[in-house]
Structure formats: C-alpha cells, structure tokens
Amino acid sequence: AGLVLLLGVVYALLASYVFIAPSLPSSEGMRNTPLQVPLRVYTRSGALIMQIGEQRRVPVSYAEIPQLVREAFLAAEDDRFFEHGGVDYFSMLRSLWVDVKGGEFTQGGSTITMQTARNMFLTKDKHIQRKLQEVFVTLRMERDFTKEQILETYLNVIFFGQRAYGVAAAAEVYFGKPLSELSVAEAAMLAGLPQAPSRYNPVTSPQRAAERRRYVLQRMLSLRYIDADTAHRAMSEPINA
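Conventions and cut-offs
Residues numbered from 1 in each chain as written. Predicted model: local features only at pLDDT ≥ 70, side-chain atom pairs only at ≥ 80, totals over all residues. Heavy atoms only, no water. 1 Å grid on protein atoms, 1.4 Å probe; cavity = no way out; pocket = protein on both sides within 12 Å on 5 of 7 lines; lining within 4 Å. Points joined across faces, edges and corners; volume = space filled by probe spheres on them. Helix = DSSP H or I, 4+ residues; strand = E, 2+ residues; numbered from the N terminus. Nonpolar A, V, L, I, M, F, W, Y, C, P; charged D, E, K, R; others polar. Axes fitted to C-alpha atoms, helices over the stretch in contact; angles between N-to-C directions. Parallel < 35°, antiparallel > 145°, perpendicular 65-115°, else oblique. Contact = heavy atoms within 4.5 Å. Core = buried A, V, L, I, M, F, W, Y, C linked by side-chain atoms within 4.5 Å. Buried < 20%, exposed > 50% of the residue type's maximum accessible area, 1.4 Å probe, protein only. Phe/Tyr/Trp six-rings, centres within 6.5 Å; stacked < 30°, edge-to-face > 60°. Lys NZ or Arg CZ within 6 Å of the ring centre and 35° of its normal.

S.K.: Which parts of the structure should I look at to understand the layout of surface pockets?
M.R.: Gaps between atoms show up when a probe of the same size as a water molecule is rolled over them. In this model, the second largest pocket occupies a volume close to 310 Å³. Around the second largest pocket, the lining comprises 16 residues; the ones closest to its centre are Met 30, Arg 31, Gln 149, Glu 152 and Thr 153. Broken down by secondary-structure element, the contributors of at least two residues to the lining of the second largest pocket are helix H2 (27-31), helix H5 (112-121) and helix H7 (147-157). Per element, the largest residue contribution to the lining of the second largest pocket is five residues, and it comes from H7. Residue composition of the lining of the second largest pocket, by class: nine nonpolar, five polar and two charged.

S.K.: Is there a simple way to explain the packing of helix H3 (residues 67-77) against H7 in this structure?
M.R.: Axis angle and axis distance: for two packed helices, these are the angle between their axes and the distance between the axes, and together they describe the pair. Packing of H3 against H7 leaves a shortest axis separation of 12 Å and a crossing angle of 85°. By the criterion of interaxial angle, the relationship of H3 to H7 is roughly perpendicular. Together, Arg 70, Phe 73 and Glu 77 of H3 and Leu 151, Tyr 154 and Leu 155 of H7 make up the contact between the two elements. Across the contact of H3 with H7, the residue classes tally to four nonpolar, no polar and two charged.

S.K.: What exactly am I supposed to notice about the nonpolar core here?
M.R.: Buried together is how nonpolar side chains tend to be arranged in soluble globular proteins. Ranked by size, the top nonpolar core spans 51 residues in total, and within it Phe 73, Phe 160 and Leu 190 carry the most contacts. Every element with two or more residues in this core is listed here: H3, H5, helix H6 (128-144), H7, helix H8 (167-175), helix H9 (184-192), helix H10 (206-222) and helix H11 (228-236). When near neighbours in sequence (up to four residues on either side) are disregarded, Phe 160 contacts Phe 73, Gly 166, Val 167, Ala 170, Tyr 174, Leu 190, Leu 193, Pro 194 and Pro 197.

S.K.: I'm lost on the packing of aromatic side chains in this one. Help?
M.R.: For any pair of aromatic rings, the description rests on two quantities: the centre-to-centre distance and the angle between the ring planes. The tally for this structure, following the rule as stated, stands at four aromatic pairs. Here Phe 81 and Phe 82 contribute two aromatic rings whose centre-to-centre distance is 5.0 Å and whose plane-to-plane angle is 80°, an arrangement assigned as edge-to-face. Ring plane angle 40° and centroid distance 4.8 Å describe the contact between Phe 159 and Tyr 165, whose orientation is recorded as tilted. Residue classification places Tyr 165 among the buried positions, given a relative accessible area of 19%. Taken together, the ring pairs connect Phe 73, Tyr 154 and Phe 160 into an aromatic cluster. Note that Lys 147 overlies the ring of Phe 81, its terminal NZ or CZ placed 4.5 Å from the centroid. Here Arg 212 stacks its cationic end above the ring of Tyr 200, 5.6 Å away from the centre of that ring.

Below you can see the structure in the form of structure tokens.
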C-alpha cells in the first residue's frame, strides 16, 4: 500500500509538471530578469538627494554582503539553506496539512530558494497550482544556480517595508548606513522584517521589532554565529531606526 501511494504521488507530480511546465520561466529567462531600481538624483558633489521610483533598491553582489548579515537571514529564515535541495518537504507537508484542516492556504513552509522563486518569477496567490509552480521553479533554480547566487538574489529582492526592496536599500532606509557598517543588532532587526514588514517595522512598532530582533539573535546564538556576550549586548542595544 505504501509503494502504491508513493507511485501515485510521483505520477501526480509528473502529471502536474507536464501541465504547469509551459508557464514556468526558462533558465535563460531567470538569468536575465532585471531588478527594478529607482532613478537617483545627486548633487554636483555626489550627495544623494532624491530617489524616484516605486521600489527603493541598491543591488549588491554576494561578496558585498557581510557574513554577519548573511548569517542573520539564514538564522531567521532558513538555517539549512546550504544543506537542502531547495524544498524542505517536511515543513511544506506540515504547512499543507494545516491549510487542508483550516480550509484555506495561509501557511508558508518556504525555504529561501522558494521565497526567491516567488518574489522574482511568480505571483503571491495562495492556491495549489501556484504552490506547485513555486516548487518546480525552485528545483530549476537549485539545478542551474549556485547557493551563493540564490542567496544573493534573495537578499536583493525581498521586501522590507517603506518601499525598500533588498537588504542594502533597507540598511539605508532604516539606519542610514551601508551594509558594511551594520551592527549585530541592526542586522538581526533587518533579518526579522521580511516575515511581516508592517508588523515588525522598527519605526512604527519598536516593541514588536525588538521582540522579533530578540528571536533572531537567539537563533544566531543557538547556531553559534555569535557568542552569548554579543547576543546580550545586541538585545540591549536601543532601537535607533
């Protein structure tokens, strides 16, 4: 019975892929998808005075993103990112079960690769076909891109609130500084934002933002990205967004 069920699931996935494949972006299309950036206006001396555009974004390369910042996001969103194949099947099945019991699709279960696929190439509709599209695009990304390329794309496209897309723009918007100057507390606060940018906005909801920051710092501590003293100091740092 177990083998029959497994074969049935495999057949259903293959049939779904044949049906959905024409709507998926090609590998070449994914490589050449441009990032929307605003028009920037500078003074003659080089000072930025205005940004015109729907999205504030400052694209950065993987090498330009400090290790501390990368680790903060891995701790907050997907600490097994460099180990799994793009889809955390256990987490996804658990979320699907909750959705089925609740009668609506509200759960996530998404890895960093899945979030990147959704933000770059798909809609955010919550239905089964879109979720299958997300899985298939994720597997294609894991096949055609390195983990570093995927993480770089993720950190350039995620939404942080205040029209800030990407971690470099978020550092400018919330703290007025480049990524290289972020403190541990600031990196943790930014890493906590993508889950719910309006709820954890450090400007409008500093208490919630501090609670979310504490969670991220505790995750960083448990993963040994930081030591206990560093975590304690960061948790005590005033919010200066």
